[in-house]
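# Chain and residue survey
So the chains spell out like this:
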Amino acid sequence: MKIILSYGLGVDSTAILLRWLLEPGTRWFDLSDLVVVTAQTGDEWVETGYLVEQHIYPLLAHHGVRTVQASRAGPRQKNGIVVHDDTTHPILCLTSAPGAYRLSDELLSVATIPQSGGVRKCSLKFKGWVLDQVIAQIVGDDEFVHVVGFEANEARRMLQDMPLGLPARIPSYPLIECGWDRADAERYILDKLGVKWPKSACVQCPFAFSLAEGRERTIPRYLANPYEALLGLTMEHLAVAVNPRQGLLAGEQLYDLIASHPDSGPLLELFERRLNRLPWAVYDVRRAMGAKPGDAMARGQTYRSLELLVEGTRADVLARLDRAAHLLGREVETDGRHHRVWLRTRNLYYPCVEHALVVAPALAHDKTFKSFEKAWLAGLNGPAQLSLSF
Ligand code: SF4
(Lines give C-alpha, C1' and ligand atoms only; values in the text may rest on other atoms or scores of the structure.)
Protein backbone atom coordinates (compact mmCIF):
# COMPACT_ATOMS: atom_id res chain seq x y z
CA MET A 1 0.00 0.00 0.00
CA LYS A 2 1.29 3.48 -0.86
CA ILE A 3 2.04 5.89 1.96
CA ILE A 4 1.45 9.43 0.73
CA LEU A 5 2.88 12.28 2.80
CA SER A 6 1.42 15.73 2.10
CA TYR A 7 4.65 17.66 2.37
CA GLY A 8 3.82 21.33 2.88
CA LEU A 9 7.54 22.18 3.42
CA GLY A 10 6.80 23.51 6.92
CA VAL A 11 7.82 22.46 10.41
CA ASP A 12 5.22 19.75 11.00
CA SER A 13 5.59 17.66 7.87
CA THR A 14 9.37 18.23 7.83
CA ALA A 15 9.62 16.77 11.35
CA ILE A 16 7.59 13.70 10.37
CA LEU A 17 9.69 13.10 7.27
CA LEU A 18 12.98 13.68 9.00
CA ARG A 19 12.08 11.26 11.78
CA TRP A 20 11.13 8.54 9.31
CA LEU A 21 14.39 9.05 7.42
CA LEU A 22 16.67 9.23 10.45
CA GLU A 23 14.89 6.79 12.78
CA PRO A 24 13.59 3.80 10.80
CA GLY A 25 11.99 2.36 13.96
CA THR A 26 9.41 5.17 13.93
CA ARG A 27 7.81 4.01 10.67
CA TRP A 28 5.83 0.90 9.88
CA PHE A 29 6.52 0.81 6.12
CA ASP A 30 9.37 0.51 3.67
CA LEU A 31 10.61 3.76 2.14
CA SER A 32 9.96 2.31 -1.34
CA ASP A 33 6.22 2.63 -0.52
CA LEU A 34 6.50 6.28 0.48
CA VAL A 35 5.59 9.13 -1.88
CA VAL A 36 6.28 12.69 -0.74
CA VAL A 37 3.89 15.10 -2.47
CA THR A 38 4.10 18.90 -2.45
CA ALA A 39 1.47 21.23 -3.93
CA GLN A 40 3.35 24.40 -4.87
CA THR A 41 1.23 27.56 -4.78
CA GLY A 42 3.99 29.44 -6.64
CA ASP A 43 4.31 31.95 -3.79
CA GLU A 44 6.24 30.06 -1.10
CA TRP A 45 9.17 31.87 0.50
CA VAL A 46 12.34 31.08 -1.47
CA GLU A 47 14.13 30.64 1.86
CA THR A 48 11.90 27.64 2.66
CA GLY A 49 12.70 26.05 -0.69
CA TYR A 50 16.40 26.64 -0.10
CA LEU A 51 16.30 24.84 3.27
CA VAL A 52 14.42 21.91 1.75
CA GLU A 53 17.07 21.66 -0.97
CA GLN A 54 19.90 21.84 1.55
CA HIS A 55 18.58 19.47 4.20
CA ILE A 56 15.65 17.34 3.08
CA TYR A 57 16.06 16.56 -0.61
CA PRO A 58 19.59 15.15 -0.19
CA LEU A 59 18.17 12.71 2.38
CA LEU A 60 15.25 11.77 0.15
CA ALA A 61 17.64 11.27 -2.78
CA HIS A 62 19.95 9.17 -0.61
CA HIS A 63 17.06 6.85 0.26
CA GLY A 64 15.54 6.99 -3.24
CA VAL A 65 12.16 8.25 -1.96
CA ARG A 66 9.72 9.19 -4.70
CA THR A 67 9.10 12.95 -4.50
CA VAL A 68 6.46 14.77 -6.53
CA GLN A 69 5.92 18.54 -6.91
CA ALA A 70 2.88 19.92 -8.73
CA SER A 71 0.82 23.09 -9.19
CA ARG A 72 -2.40 24.21 -10.75
CA ALA A 73 -2.07 24.75 -14.50
CA GLY A 74 -4.81 27.39 -14.67
CA PRO A 75 -7.72 29.04 -12.93
CA ARG A 76 -10.23 26.30 -13.69
CA GLN A 77 -10.25 22.65 -12.76
CA LYS A 78 -10.47 21.75 -16.42
CA ASN A 79 -6.99 23.33 -16.85
CA GLY A 80 -5.68 20.49 -14.67
CA ILE A 81 -2.33 20.39 -12.91
CA VAL A 82 1.27 20.58 -14.00
CA VAL A 83 3.69 18.08 -12.45
CA HIS A 84 7.01 19.88 -12.14
CA ASP A 85 9.03 16.97 -10.84
CA ASP A 86 8.45 13.29 -10.13
CA THR A 87 11.72 11.73 -9.11
CA THR A 88 13.51 9.54 -6.57
CA HIS A 89 16.45 11.97 -6.63
CA PRO A 90 14.98 15.42 -5.92
CA ILE A 91 17.37 18.37 -6.16
CA LEU A 92 15.37 21.56 -6.70
CA CYS A 93 12.41 22.70 -4.64
CA LEU A 94 10.34 24.35 -7.35
CA THR A 95 8.59 27.04 -5.34
CA SER A 96 8.06 29.00 -8.55
CA ALA A 97 8.19 26.81 -11.63
CA PRO A 98 7.45 27.62 -15.29
CA GLY A 99 3.96 26.57 -16.32
CA ALA A 100 2.52 26.94 -12.83
CA TYR A 101 -0.57 29.05 -12.36
CA ARG A 102 0.38 30.86 -9.17
CA LEU A 103 -1.93 31.98 -6.41
CA SER A 104 -0.53 35.49 -6.89
CA ASP A 105 -1.43 35.34 -10.63
CA GLU A 106 -5.01 34.79 -9.62
CA LEU A 107 -5.10 37.37 -6.82
CA LEU A 108 -3.49 40.12 -8.93
CA SER A 109 -5.76 39.41 -11.89
CA VAL A 110 -8.83 40.09 -9.75
CA ALA A 111 -7.28 42.81 -7.55
CA THR A 112 -7.71 41.05 -4.26
CA ILE A 113 -5.77 39.38 -1.43
CA PRO A 114 -6.32 36.05 0.31
CA GLN A 115 -9.27 36.37 2.68
CA SER A 116 -8.39 35.96 6.34
CA GLY A 117 -11.88 35.04 7.56
CA GLY A 118 -13.86 31.84 7.05
CA VAL A 119 -12.74 28.94 4.87
CA ARG A 120 -9.22 29.19 3.43
CA LYS A 121 -10.40 29.02 -0.16
CA CYS A 122 -6.90 29.76 -1.50
CA SER A 123 -5.51 26.74 0.31
CA LEU A 124 -8.29 24.46 -0.86
CA LYS A 125 -7.84 25.61 -4.46
CA PHE A 126 -4.04 25.81 -4.71
CA LYS A 127 -3.01 23.04 -2.30
CA GLY A 128 -5.86 20.68 -1.44
CA TRP A 129 -7.21 20.27 -4.94
CA VAL A 130 -3.72 19.84 -6.46
CA LEU A 131 -2.85 17.18 -3.86
CA ASP A 132 -6.08 15.33 -4.64
CA GLN A 133 -5.20 15.23 -8.34
CA VAL A 134 -1.64 14.03 -7.77
CA ILE A 135 -2.74 11.37 -5.28
CA ALA A 136 -5.41 10.14 -7.68
CA GLN A 137 -2.74 9.79 -10.39
CA ILE A 138 -0.48 7.84 -8.03
CA VAL A 139 -2.92 5.45 -6.36
CA GLY A 140 -5.86 5.25 -8.78
CA ASP A 141 -8.62 3.34 -6.99
CA ASP A 142 -6.26 1.56 -4.58
CA GLU A 143 -6.30 2.01 -0.83
CA PHE A 144 -3.57 4.30 0.48
CA VAL A 145 -2.42 5.86 3.73
CA HIS A 146 -2.56 9.64 3.66
CA VAL A 147 -0.18 11.19 6.18
CA VAL A 148 -1.08 14.69 7.34
CA GLY A 149 1.08 16.87 9.61
CA PHE A 150 -1.50 18.07 12.13
CA GLU A 151 0.04 18.75 15.54
CA ALA A 152 -1.07 17.49 18.95
CA ASN A 153 -3.23 20.57 19.55
CA GLU A 154 -5.02 20.28 16.20
CA ALA A 155 -7.47 17.54 17.16
CA ARG A 156 -10.37 19.55 15.74
CA ARG A 157 -8.72 19.69 12.30
CA MET A 158 -8.02 15.98 12.55
CA LEU A 159 -11.67 15.22 13.28
CA GLN A 160 -12.73 17.28 10.25
CA ASP A 161 -10.16 15.57 8.05
CA MET A 162 -10.76 11.96 9.13
CA PRO A 163 -13.94 11.22 7.15
CA LEU A 164 -12.57 12.64 3.87
CA GLY A 165 -11.81 10.28 1.02
CA LEU A 166 -13.30 7.15 2.54
CA PRO A 167 -13.08 4.25 1.94
CA ALA A 168 -9.80 4.23 -0.06
CA ARG A 169 -8.05 6.92 2.01
CA ILE A 170 -6.73 5.84 5.38
CA PRO A 171 -5.62 8.99 7.22
CA SER A 172 -2.63 9.06 9.55
CA TYR A 173 -1.51 11.83 11.92
CA PRO A 174 1.93 10.90 13.32
CA LEU A 175 2.46 14.10 15.33
CA ILE A 176 -0.87 13.69 17.09
CA GLU A 177 -0.16 9.99 17.67
CA CYS A 178 3.12 10.79 19.42
CA GLY A 179 1.77 13.90 21.18
CA TRP A 180 4.07 16.41 19.49
CA ASP A 181 3.07 20.02 19.21
CA ARG A 182 4.76 22.58 17.02
CA ALA A 183 7.46 23.36 19.59
CA ASP A 184 8.38 19.65 19.79
CA ALA A 185 8.62 19.45 16.00
CA GLU A 186 10.77 22.62 15.88
CA ARG A 187 13.07 21.26 18.59
CA TYR A 188 13.48 17.97 16.78
CA ILE A 189 14.50 19.68 13.53
CA LEU A 190 16.83 22.04 15.37
CA ASP A 191 18.42 19.12 17.17
CA LYS A 192 18.92 17.04 14.01
CA LEU A 193 19.72 19.72 11.43
CA GLY A 194 20.83 22.71 13.48
CA VAL A 195 18.19 24.80 11.71
CA LYS A 196 15.32 26.79 13.17
CA TRP A 197 12.85 25.74 10.50
CA PRO A 198 10.66 28.64 9.29
CA LYS A 199 6.92 28.60 8.92
CA SER A 200 5.91 27.58 5.43
CA ALA A 201 3.40 29.94 3.81
CA CYS A 202 2.79 32.08 0.78
CA VAL A 203 4.64 35.38 1.05
CA GLN A 204 1.30 37.23 1.01
CA CYS A 205 -0.45 34.96 3.55
CA PRO A 206 -2.67 37.09 5.82
CA PHE A 207 -2.62 34.37 8.50
CA ALA A 208 1.07 35.18 9.09
CA PHE A 209 -0.15 38.43 10.64
CA SER A 210 -3.06 37.22 12.74
CA LEU A 211 -0.96 37.07 15.93
CA ALA A 212 1.63 39.56 17.23
CA GLU A 213 4.21 36.78 17.23
CA GLY A 214 3.57 36.16 13.50
CA ARG A 215 3.99 39.87 12.74
CA GLU A 216 7.26 40.00 14.62
CA ARG A 217 8.50 36.98 12.68
CA THR A 218 7.32 38.10 9.26
CA ILE A 219 8.42 41.73 9.07
CA PRO A 220 12.17 40.95 9.39
CA ARG A 221 11.57 38.23 6.77
CA TYR A 222 10.20 40.85 4.37
CA LEU A 223 13.06 43.25 5.09
CA ALA A 224 15.57 40.49 4.36
CA ASN A 225 13.76 39.36 1.17
CA PRO A 226 12.75 42.51 -0.75
CA TYR A 227 11.62 40.63 -3.87
CA GLU A 228 9.01 38.77 -1.84
CA ALA A 229 8.06 41.88 0.11
CA LEU A 230 7.37 43.67 -3.17
CA LEU A 231 4.95 40.95 -4.23
CA GLY A 232 2.95 41.28 -1.00
CA LEU A 233 3.02 45.07 -1.07
CA THR A 234 2.03 45.30 -4.75
CA MET A 235 -0.83 42.86 -4.28
CA GLU A 236 -2.09 44.80 -1.27
CA HIS A 237 -1.71 48.16 -3.03
CA LEU A 238 -3.86 47.00 -5.94
CA ALA A 239 -6.47 45.41 -3.68
CA VAL A 240 -6.76 48.50 -1.44
CA ALA A 241 -6.99 50.80 -4.47
CA VAL A 242 -10.02 48.85 -5.65
CA ASN A 243 -11.48 48.38 -2.15
CA PRO A 244 -10.20 50.59 0.68
CA ARG A 245 -11.53 48.07 3.21
CA GLN A 246 -8.95 45.49 2.16
CA GLY A 247 -5.50 45.05 3.71
CA LEU A 248 -3.36 42.04 4.48
CA LEU A 249 -3.79 42.55 8.24
CA ALA A 250 -7.53 41.94 8.46
CA GLY A 251 -8.38 45.34 7.02
CA GLU A 252 -5.22 47.09 8.21
CA GLN A 253 -2.36 47.41 5.78
CA LEU A 254 0.91 45.54 5.61
CA TYR A 255 2.43 48.75 4.20
CA ASP A 256 1.76 50.59 7.48
CA LEU A 257 3.18 47.75 9.56
CA ILE A 258 6.37 47.67 7.48
CA ALA A 259 6.60 51.48 7.55
CA SER A 260 6.52 51.39 11.36
CA HIS A 261 9.79 49.42 11.36
CA PRO A 262 12.88 51.64 11.73
CA ASP A 263 14.74 49.83 8.93
CA SER A 264 11.95 49.92 6.34
CA GLY A 265 13.15 53.01 4.41
CA PRO A 266 15.12 51.24 1.64
CA LEU A 267 12.37 48.67 1.07
CA LEU A 268 9.65 51.32 0.79
CA GLU A 269 11.80 53.33 -1.64
CA LEU A 270 12.23 50.19 -3.73
CA PHE A 271 8.49 49.65 -3.65
CA GLU A 272 7.83 53.21 -4.81
CA ARG A 273 10.29 52.73 -7.70
CA ARG A 274 8.58 49.47 -8.64
CA LEU A 275 5.15 51.14 -8.62
CA ASN A 276 6.47 53.89 -10.88
CA ARG A 277 7.73 51.34 -13.39
CA LEU A 278 4.43 49.44 -13.64
CA PRO A 279 1.73 50.23 -16.19
CA TRP A 280 -1.21 51.99 -14.50
CA ALA A 281 -4.90 52.32 -15.23
CA VAL A 282 -8.10 54.04 -14.28
CA TYR A 283 -10.60 51.37 -13.28
CA ASP A 284 -14.34 51.64 -12.96
CA VAL A 285 -15.33 49.70 -9.82
CA ARG A 286 -18.90 48.92 -8.91
CA ARG A 287 -19.91 46.88 -5.90
CA ALA A 288 -23.38 45.61 -5.05
CA MET A 289 -24.03 44.40 -1.52
CA GLY A 290 -27.04 42.30 -0.61
CA ALA A 291 -28.74 42.08 2.80
CA LYS A 292 -28.77 39.02 5.03
CA PRO A 293 -32.27 37.52 5.00
CA GLY A 294 -34.53 39.46 7.35
CA ASP A 295 -31.82 41.93 8.47
CA ALA A 296 -31.28 45.11 6.45
CA MET A 297 -28.41 46.10 8.78
CA ALA A 298 -26.34 42.99 8.00
CA ARG A 299 -24.36 42.70 4.76
CA GLY A 300 -25.02 39.60 2.73
CA GLN A 301 -23.37 38.50 -0.52
CA THR A 302 -21.27 41.11 -2.36
CA TYR A 303 -20.80 41.18 -6.13
CA ARG A 304 -18.26 43.31 -7.96
CA SER A 305 -17.69 44.61 -11.46
CA LEU A 306 -14.19 45.78 -12.41
CA GLU A 307 -13.53 47.47 -15.74
CA LEU A 308 -10.26 48.94 -16.97
CA LEU A 309 -11.09 52.27 -18.64
CA VAL A 310 -7.72 53.64 -19.72
CA GLU A 311 -4.03 52.74 -19.30
CA GLY A 312 -0.93 54.93 -19.03
CA THR A 313 1.91 55.85 -16.76
CA ARG A 314 1.17 56.53 -13.12
CA ALA A 315 1.34 60.28 -13.76
CA ASP A 316 -0.95 59.98 -16.83
CA VAL A 317 -3.73 58.17 -15.05
CA LEU A 318 -3.55 60.40 -11.98
CA ALA A 319 -3.96 63.40 -14.27
CA ARG A 320 -6.92 61.73 -15.96
CA LEU A 321 -8.56 61.02 -12.62
CA ASP A 322 -8.10 64.67 -11.61
CA ARG A 323 -9.66 65.78 -14.86
CA ALA A 324 -12.60 63.37 -14.45
CA ALA A 325 -13.16 64.60 -10.89
CA HIS A 326 -13.17 68.19 -12.10
CA LEU A 327 -15.67 67.45 -14.89
CA LEU A 328 -17.92 65.49 -12.54
CA GLY A 329 -17.71 68.09 -9.80
CA ARG A 330 -16.23 65.60 -7.33
CA GLU A 331 -13.17 65.51 -5.07
CA VAL A 332 -10.32 63.04 -5.46
CA GLU A 333 -10.16 61.05 -2.23
CA THR A 334 -6.63 60.11 -1.25
CA ASP A 335 -4.67 58.75 1.68
CA GLY A 336 -1.45 59.76 -0.08
CA ARG A 337 -1.00 56.33 -1.65
CA HIS A 338 -4.35 55.58 -3.28
CA HIS A 339 -6.57 57.89 -5.30
CA ARG A 340 -10.23 57.48 -6.15
CA VAL A 341 -13.34 59.44 -7.04
CA TRP A 342 -16.57 58.23 -5.53
CA LEU A 343 -19.62 58.32 -7.77
CA ARG A 344 -21.85 56.52 -5.29
CA THR A 345 -21.08 55.61 -1.70
CA ARG A 346 -22.58 52.74 0.25
CA ASN A 347 -25.45 53.19 2.62
CA LEU A 348 -25.87 52.03 6.20
CA TYR A 349 -28.54 49.59 5.06
CA TYR A 350 -28.56 46.74 2.60
CA PRO A 351 -28.97 46.07 -0.22
CA CYS A 352 -26.95 49.01 -1.49
CA VAL A 353 -24.24 49.81 -4.02
CA GLU A 354 -21.02 51.78 -4.31
CA HIS A 355 -19.26 53.05 -7.41
CA ALA A 356 -15.84 54.64 -7.85
CA LEU A 357 -13.18 55.51 -10.39
CA VAL A 358 -9.81 54.42 -9.02
CA VAL A 359 -6.22 54.50 -10.20
CA ALA A 360 -4.15 51.37 -9.66
CA PRO A 361 -1.40 49.32 -11.30
CA ALA A 362 -2.85 47.83 -14.50
CA LEU A 363 -2.42 44.25 -13.31
CA ALA A 364 -6.07 43.29 -12.95
CA HIS A 365 -8.40 42.16 -15.73
CA ASP A 366 -11.97 43.17 -16.36
CA LYS A 367 -14.23 40.96 -14.34
CA THR A 368 -17.93 41.14 -13.65
CA PHE A 369 -19.21 38.56 -11.23
CA LYS A 370 -22.12 36.37 -12.23
CA SER A 371 -25.40 37.84 -10.95
CA PHE A 372 -23.75 41.26 -10.58
CA GLU A 373 -26.29 43.16 -12.71
CA LYS A 374 -29.23 41.71 -10.78
CA ALA A 375 -27.56 42.57 -7.46
CA TRP A 376 -26.69 46.06 -8.72
CA LEU A 377 -30.31 46.78 -9.64
CA ALA A 378 -31.47 45.45 -6.27
CA GLY A 379 -28.91 47.68 -4.53
CA LEU A 380 -29.92 50.76 -6.53
CA ASN A 381 -33.48 50.24 -5.43
CA GLY A 382 -32.48 49.38 -1.85
CA PRO A 383 -33.53 51.36 1.23
CA ALA A 384 -32.63 55.02 0.76
CA GLN A 385 -29.67 54.55 -1.62
CA LEU A 386 -28.54 58.14 -1.86
CA SER A 387 -25.55 60.34 -1.19
CA LEU A 388 -23.45 61.01 -4.25
CA SER A 389 -25.73 59.40 -6.84
CA PHE A 390 -26.07 61.20 -10.16
S1 SF4 B 1 -0.33 29.86 2.87
FE2 SF4 B 1 -1.93 31.38 3.27
S3 SF4 B 1 -2.18 32.46 1.30
FE4 SF4 B 1 -1.08 30.54 0.87
S5 SF4 B 1 -2.67 29.09 0.32
FE6 SF4 B 1 -2.30 28.85 2.52
S7 SF4 B 1 -3.82 30.20 3.49
FE8 SF4 B 1 -3.69 30.81 1.34
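Residues numbered from 1 in each chain as written. Predicted model: local features only at pLDDT ≥ 70, side-chain atom pairs only at ≥ 80, totals over all residues. Heavy atoms only, no water.

Tracing the chain through its elements places Tyr 101 in the loop between strand S4 (81–87) and helix H3 (103–109). Among residues more than four places away in sequence, those in contact with Tyr 101 are Thr 41, Arg 72, Ala 73, Gly 74, Pro 75, Glu 106 and Phe 126. In this structure the side chain of Tyr 101 is engaged in a polar contact, spanning 2.6 Å, whose partner is the side chain of Glu 106. (Helix = DSSP H or I, 4+ residues; strand = E, 2+ residues; numbered from the N terminus. Contact = heavy atoms within 4.5 Å. Polar contact = N/O pair within 3.5 Å; in protein donor to acceptor, adjacent residues only side chain to side chain.)

Once that is clear, we can look at the site of the ligand. As a matter of local geometry, the ligand sits amid Leu 103, Pro 114, Arg 120, Cys 122, Ser 123, Lys 127, Ala 201, Cys 202, Cys 205 and Phe 207. Counting residues per element, the shell around the ligand draws most heavily on helix H4 (residues 121–139), which supplies 3 residues. Split into classes, the residues belonging to the shell around the ligand amount to 7 nonpolar, 1 polar and 2 charged. (Near = heavy atom within 4 Å. Nonpolar A, V, L, I, M, F, W, Y, C, P; charged D, E, K, R; others polar.)

For the protein chain, the assigned domains read domain 1 (2–102 + 118–193), domain 2 (206–277) and domain 3 (280–380). For domain 1 versus domain 3, the distance between C-alpha centres works out to 41 Å. (Domains from an automatic or database assignment.)

The tally for this structure, following the rule as stated, stands at 17 salt bridges. Salt-bridge contacts for Glu 154 lead to Arg 157; the nearest nitrogen and oxygen are separated by 2.9 Å. Residue Glu 154 is classed as buried on the basis of its relative accessible area, which comes to 16%. Judged by relative accessible area, which is 44%, Arg 157 ranks as partly exposed. Here Asp 184 makes a salt bridge to Arg 187, at a shortest N to O gap of 2.6 Å. Taken together, the residues Asp 184 and Arg 187, both in helix H7 (residues 182–193) and 3 residues apart, mark about one turn of the helix. When salt bridges that share partners are traced, they join Arg 182, Glu 186 and Lys 196 into one network. (Salt bridge = Lys/Arg side-chain N within 4 Å of Asp/Glu carboxyl O. Buried < 20%, exposed > 50% of the residue type's maximum accessible area, 1.4 Å probe, protein only.)

The subject of this paragraph is the packing of aromatic side chains. Under the criterion given, the structure shown has 10 aromatic pairs. Ring centres of Phe 150 and Tyr 173 lie 5.8 Å apart, and the angle between their planes is 10°; this geometry places the pair in the stacked category. Placement of Phe 150 in the loop between strand S5 (144–147) and helix H5 (155–161) and of Tyr 173 in the loop between strand S6 (169–172) and helix H6 (174–177) is noted, with a sequence separation of 23 residues between them. Side by side, Phe 150 and Tyr 173 carry an identical accessibility label, which is buried. An aromatic cluster of at least three residues, connected via ring pairs, comprises Trp 20, Trp 28 and Phe 29. The lysine or arginine in question, Arg 72, covers the ring of Phe 126, its NZ or CZ lying 5.7 Å from the ring centre. Here the basic side chain of Lys 367 rests over the ring of Phe 369, its NZ or CZ set 5.3 Å away from the ring centre. (Phe/Tyr/Trp six-rings, centres within 6.5 Å; stacked < 30°, edge-to-face > 60°. Lys NZ or Arg CZ within 6 Å of the ring centre and 35° of its normal.)

Of all hydrophobic cores here, the largest spans 54 residues; its most connected members are Phe 209, Tyr 222, Leu 233, Leu 254, Ile 258, Tyr 283 and Leu 306. Those residues in contact with Tyr 222 that sit more than four places away from it in its chain are Trp 45, Val 203, Gln 204, Phe 209, Glu 228, Ala 229, Leu 254, Ile 258 and Leu 267. Ranked by size, the runner-up nonpolar core spans 33 residues in total, among them Ile 3, Leu 5, Val 36 and Val 65. (Core = buried A, V, L, I, M, F, W, Y, C linked by side-chain atoms within 4.5 Å.)

Turning our eyes to something else, we now look at the sheet that holds S5. Reading across from one edge, S4-S3-S2-S1-S5-S6 is the order of the 6 strands in this open sheet, with mixed pairing throughout. Two strands in the sheet have a free side with no partner beyond their single neighbour: S4 and S6. Averaged over all adjacent pairs, the angle separating strand axes in this sheet is 25°, with direction ignored. Looking at chain direction, strand S1 (residues 2–6) and strand S2 (residues 34–39) are connected through 4 bridges and run parallel. When the bridges of S2 are listed, Ser 6 appears paired with Val 37. (Pairing = 2+ DSSP bridges. Axes fitted to C-alpha atoms, helices over the stretch in contact; angles between N-to-C directions.)

It is at 11 Å that the axes of helix H1 (residues 11–22) and helix H2 (residues 46–63) come closest, and there the two elements cross at 40°. The angle between H1 and H2 falls in the class oblique. In the packing of H1 onto H2, the handedness of the crossing is left-handed. On H2, the residues that touch Thr 14, Leu 17, Leu 18, Leu 21 and Leu 22 of H1 are Ile 56, Leu 59, Leu 60 and His 63. (Parallel < 35°, antiparallel > 145°, perpendicular 65-115°, else oblique. Left-handed = near helix turned anticlockwise from the far one by under 90°.)

This paragraph deals with the packing of H1 against H7. In the contact formed by H1 and H7, the axes pass within 9 Å of each other and the chain directions differ by 50°. Classified by the interaxial angle, the pair formed by H1 and H7 is oblique. Remark: the crossing between H1 and H7 carries left-handed chirality. The residues of H7 that touch H1, namely those facing Val 11, Asp 12, Thr 14, Ala 15, Leu 18, Arg 19 and Leu 22, are Arg 182, Ala 185, Glu 186, Tyr 188, Ile 189, Lys 192 and Leu 193. Among the residues forming the contact of H1 with H7, the class breakdown is 8 nonpolar, 1 polar and 5 charged.

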